[in-house]
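Spelled out from the first residue to the last, the chains are:
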Amino acid sequence: MTRAQKKELRQRQTTRQLMGIRQLTEHGAKTAGGELVFFMVRPDNLSVLSGEGIRGRVKRLTDLLCAAQEVRLLALDSRESFRRNKDWYRQRLEQEELPAIRELLRRDAAHLDEIQASTASAREFALVYRLGPREPEADPGRLRQTEQALGDLGFRARLASEQDVKRLLAVYYQQDVTTEWFEDFDGERWVTEDG
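Let us look at the structure shown here. (Residues numbered from 1 in each chain as written. Predicted model: local features only at pLDDT ≥ 70, side-chain atom pairs only at ≥ 80, totals over all residues. Heavy atoms only, no water.)

What to know about the overall build of the protein
Okay, so step 1: If you tally the helices and strands in the protein, you get seven helices and six strands.
Okay, so step 2: Reading the secondary structure of the protein in the N-to-C direction produces α-α-β-β-β-α-β-α-α-β-α-β-α.
Okay, so step 3: The buried share of the protein, taken over its 195 residues, is 27%.
Okay, so step 4: Partitioning the intrachain contacts of the protein with sequence separation of at least 6 by distance along the chain shows that 67% fall at a separation of at least 24.
Okay, so step 5: When the accessible surface of the protein is summed, it comes to about 14,400 Å², and 50% of that surface belongs to carbon and sulfur atoms. (Helix = DSSP H or I, 4+ residues; strand = E, 2+ residues; numbered from the N terminus. Buried < 20%, exposed > 50% of the residue type's maximum accessible area, 1.4 Å probe, protein only. Contact = heavy atoms within 4.5 Å. Areas by Shrake-Rupley, 256 points an atom, 1.4 Å probe, with all protein chains shown as cover.)

So this is what it looks like as structure tokens:
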């Protein structure tokens, strides 16, 4: 197959095909390597824990990741980067001569700093369980038992919803942290039954 043919084939593939996802499921995604099931883990504020408490959490997480061969930890930074905007304000401040405009630019830059500081802990964590390609679909009872076991280990975890999975993929693949609801098909919200 020539390079041009490969490029044309790639351009005809859907986004899911390019990512290697066959189907989104209720709590994850089916891939050629099996089904991935996501558990959303809410991070603890470690600054309030003692050194011994932190070591205990790290040990439990280590034990969990070592015990289950097909589990992975996914950590995403779910906040926007304001670097370009802050650079733009800095450049405008250097160029601007009017004091009133300079003050407005300073205030806008300070507002961006406040937003960035308030979202500094906007990290998302997910435990990703891979079910083998020969395993049947994820057993809901088994998934709930795993969710309970994570709670017993001291982790605040829940099964990911389909929207959680879409959000994780959006953050991972395109750093989209602003979309609140993901459609199944582009433009779906604009199509009505009356057509």
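From this point, the narrative continues.
Details of the side chain of Thr-25
Okay, so step 1: The residue Thr-25 is located in the loop between strand 1 (21-24) and strand 2 (28-31) in this model.
Okay, so step 2: Excluding its chain neighbours within four sequence positions, the residues that come into contact with Thr-25 are Lys-30, Glu-35 and Glu-162.

A look at a nonpolar patch on the surface
Okay, so step 1: A cluster of nonpolar residues, Leu-98, Ile-101 and Leu-104, forms a patch on the protein surface that exposes about 260 Å² of accessible area.
Okay, so step 2: With respect to the helices, strands and loops of the structure, Ile-101 is situated in helix 5 (residues 99-118).
Okay, so step 3: Ile-101 gets classed as partly exposed once you look at its relative accessible area, which sits at 32%. (Patch = residues over 30% accessible without salt bridge, like charges linked within 9 Å, V, L, I, M, F, W, Y side chains within 5 Å. Salt bridge = Lys/Arg side-chain N within 4 Å of Asp/Glu carboxyl O.)

A closer look at the environment of Gly-34
Okay, so step 1: Inspection of the secondary structure puts Gly-34 in strand 3 (residues 34-42).
Okay, so step 2: Between the C-alpha atoms of Gly-34 and Arg-22, which are twelve residues apart in sequence, the distance is 9.8 Å.

Overview of the pairing of strand 1
Okay, so step 1: One ladder, built from three bridges, connects strand 1 with strand 2; its direction is antiparallel. Bridged to Ile-21 within strand 2 is Thr-31.
Okay, so step 2: Connecting strand 1 to the antiparallel partner strand 2 that follows it, the hairpin turn spans three residues. (Pairing = 2+ DSSP bridges.)

Observations regarding the pairing of strand 2
If a strand is regular, its side chains alternate between the two faces of the sheet.
Okay, so step 1: Sheet topology places strand 2 next to strand 3; four bridges connect them, and they run antiparallel. Its bridge partner lying in strand 3, Gly-28 is registered against Val-37.
Okay, so step 2: The turn joining strand 2 and strand 3, which pair antiparallel and follow one another in sequence, is formed by two residues.

Considering the pattern of salt bridges
Okay, so step 1: Across all of its chains, the model carries eleven salt bridges by this definition.
Okay, so step 2: Arg-106 is paired through a salt bridge with Glu-103; the nearest N and O atoms lie 3.4 Å apart. Of this pair, Arg-106 and Glu-103 both sit in helix 5, separated by three residues, roughly a single helical turn.
Okay, so step 3: A residue is classified by how much of its surface remains accessible, and Arg-106, at 40% relative accessible area, is partly exposed.

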